[in-house]
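Geometric and topological summary
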Amino acid sequence: MVEDLIQGRVEFNNTELDDLIILRSDGFPTYNFSVVVDDATMEITHVIRGNDHLNNTPARFRSIRLWVVPCPGSAMSP
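All of the points below concern the structure found in this document. Computed from a predicted structure; not experimentally measured.

Let's talk about the packing of helix 1 (residues 31–41) against helix 2 (residues 57–67)
It is the contact of helix 1 with helix 2, at a shortest axis distance of 9 Å, that shows an interaxial angle of 55°. Viewed along their axes, helix 1 and helix 2 adopt a mutual orientation that is oblique. As helix 1 packs across helix 2, the resulting crossing turns out to be right-handed. Between helix 1 and helix 2, the contacting residues are Asn32, Phe33, Val35, Val36 and Asp39 on the first element and Ala59, Arg60, Ser63, Ile64 and Trp67 on the second. Across the contact of helix 1 with helix 2, the residue classes tally to 6 nonpolar, 2 polar and 2 charged.

Looking at the environment of Val36
Within the secondary structure, Val36 is located in helix 1. In sequence terms Val36 and Ile6 are 30 residues apart; their C-alpha atoms lie 21 Å from each other.

Basis of the calculations
Every chain begins its residue count from 1, and numbering advances along the sequence as written. Two thresholds apply to this predicted model, a pLDDT of at least 70 for residue-level local features and 80 or more for giving and counting side-chain atom pairs, whereas whole-chain, interface and lining totals are computed over all residues. Calculated side-chain values reflect all of the structure's heavy atoms, with hydrogen atoms and water omitted. All axes here are fitted lines through C-alpha atoms, helices being fitted over the stretch that makes contact, and every angle between N-to-C directions spans 0 to 180 degrees. Here a strand is any run of E in DSSP of at least two residues, a helix any run of H or I of at least four, and the numbering for each starts at the N terminus. Note on terminology: angles under 35 degrees are roughly parallel, angles over 145 are roughly antiparallel, angles of 65 to 115 are roughly perpendicular, and the others are oblique. The handedness criterion is simple: a crossing whose near helix is rotated anticlockwise from the far helix by less than a right angle is left-handed, and one whose near helix is rotated clockwise is right-handed. Whether two residues are in contact is decided by their heavy atoms, any of which lying within 4.5 Å being enough. For this classification, the nonpolar set comprises Ala, Val, Leu, Ile, Met, Phe, Trp, Tyr, Cys and Pro, the charged set comprises Asp, Glu, Lys and Arg, and every other residue, Gly included, is treated as polar.

By themselves, these figures tell us nothing about what the structure is for.
Shown next, in the form of structure tokens:
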């Protein structure tokens, strides 16, 4: 579940979510892991993205919870 600042509550079926992967086989971090580290380091308070990133949001939020960093507000613009 995501509380989006524009779309309100958006729920995802847990069975539709992939395993959380933080490193690729070549050793480079995945996008969803990198943005969480970057947002936390830069003390980002709000993330505004296009609606096409809504499917990335559950992985990003799981990474945030995993690393126990403040969760920025999320706004997905249609």
